[in-house]
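Working through the structure, step by step
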Amino acid sequence: MLEVCGLSVSYPEFANAVDGVFFALREGEKVALIGANGAGKTTLLLALAGVLTPSEGNISIDGVKFNKKNIHDARKKIGLVFQNPDDQLFMPNIYEDAAFGPRNFGCSEEETRERVENALCQLGIPQLARRSPLKLSGGEKRLAAISTVLTMRPSYMLFDEPTAFLDPRAKRALAEILSGLPQGKLIATHDLAFAEKICSRVLLLQNGRLTAEGGIDILRNAALLESAGL
Ligand code: ATP
């Protein structure tokens with residue numbers, strides 16, 4: 001279980017972009033993170049992935065708390081798929097991008113190859129291995145970006161606006177793929193139909209605070225959504 005306990009995150013010019021958030025994500029659970037522009041979704045994901053340091057609170061997995069000293073271990077267990085695949089794909093081809101993480105964590109070339117091949121097959125994109133990320137469609141880039149996280153074999157995956165840049169067919173394909181991945185997932189999205197399709201629980205952020213948490217009926221609660229600026 002991933003537990004988030006009283007997490008707050010501040011930027012030098014903006015205090016409490018995330019403000020005292022508590023929640024838990026069980027293994028294999030799919031949870032939508034919704035909220036208006038500026039509500040703090042990306043900031044929360046960046047803190048969970050160890051990219052931003054919280055000003056208060058902590059994160060733990062299966063009872064092990066993460067701090068500056070063991071944040072390296074958290075990065076192995078929690079993988080973040082950025083909103084823009086171009087932020088995640090920077091090598092000459094997709095194989096090299098997907099191999100980057102395992103190599104960085106000291107996997108042998110053989111283990112790295114096995115992880116890359118598995119990840120690309122799980123995502124249905126083995127044919128993209130030798131393609132340049134610069135020459136892929138939006139949907140292909142999204143799956144390639146997910147492969148760079150899957151090869152790390154995380155227990156939990158965080159997605160920031162995974163449907164951005166996707167057409168309806170690519171969205172449907174992505175929904176099917178994400179539904180089939182066994183990891184616990186936290187999916188920040190403005191695409192409420194997409195959230196409803198794959199998630200069983202919803203967290204609503206408002207000005208950095210978690211103001212509602214519950215089943216997907218939250219996504220149909222027009223008054224609540226409107227009050228949150230959605
Ligand atoms: P969106 O739906 O528009 O992507 P969000 O819910 O992901 O928004 P964040 O990007 O986390 O929101 O931003 C939360 C708040 O933090 C906003 O008020 C934003 O202006 C502020 N913020 C984000 N990044 C920075 C930064 N690097 N420096 C200062 N303030 C920031």
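Whatever comes next refers back to the structure up there.
The following refers to the structure shown. (Residues numbered from 1 in each chain as written. Predicted model: local features only at pLDDT ≥ 70, side-chain atom pairs only at ≥ 80, totals over all residues. Heavy atoms only, no water.)

Considering the overall build of the protein
In terms of helices and strands, the protein carries eight helices and 10 strands. Its C-alpha radius of gyration of 17 Å places the protein within 12% of the 17 Å reference for a compact globule of 230 residues. Each of the three principal axes of the protein carries a C-alpha extent, and together these read 50 × 45 × 35 Å. Per-residue burial for the protein yields a buried fraction of 51% across its 230 residues. A separation threshold of at least 6 residues defines the contact pool for the protein, and within that pool the share at least 24 residues apart is 67%. (Helix = DSSP H or I, 4+ residues; strand = E, 2+ residues; numbered from the N terminus. Rg over C-alpha atoms; globule rule 2.2 N^0.38 Å. Buried < 20%, exposed > 50% of the residue type's maximum accessible area, 1.4 Å probe, protein only. Contact = heavy atoms within 4.5 Å.)

Concerning the sheet that holds strand β5 (residues 64–66)
Here we have four strands laid out as an open sheet, ordered β2-β1-β4-β5, and antiparallel in their pairing. A strand with exactly one partner marks an edge of an open sheet, and here the two such strands are β2 (14–25) and β5. Sheet twist, expressed as the average angle between the axes of neighbouring strands with direction ignored, equals 30°. In terms of strand pairing, strand β1 (residues 2–11) meets strand β4 (residues 56–61) through five bridges, oriented antiparallel. Its bridge partner being in β4, Leu 2 is matched across the sheet by Ile 61. (Pairing = 2+ DSSP bridges. Axes fitted to C-alpha atoms, helices over the stretch in contact; angles between N-to-C directions.)

Some points on the layout of surface pockets
Of the pockets and cavities examined, the largest pocket occupies roughly 510 Å³. Surrounding the largest pocket, 19 residues form its lining, Leu 80, Phe 82, Gln 88, Thr 148 and Met 152 being those nearest its centre. Every element with two or more residues in the lining of the largest pocket is listed here: α2 (71–77), β6 (78–81), α3 (94–104) and α5 (138–150). With four residues, the single largest contributor to the lining of the largest pocket is α3. Classifying every residue of the lining of the largest pocket by side-chain character gives 10 nonpolar, six polar and three charged. (1 Å grid on protein atoms, 1.4 Å probe; cavity = no way out; pocket = protein on both sides within 12 Å on 5 of 7 lines; lining within 4 Å. Points joined across faces, edges and corners; volume = space filled by probe spheres on them. Nonpolar A, V, L, I, M, F, W, Y, C, P; charged D, E, K, R; others polar.)

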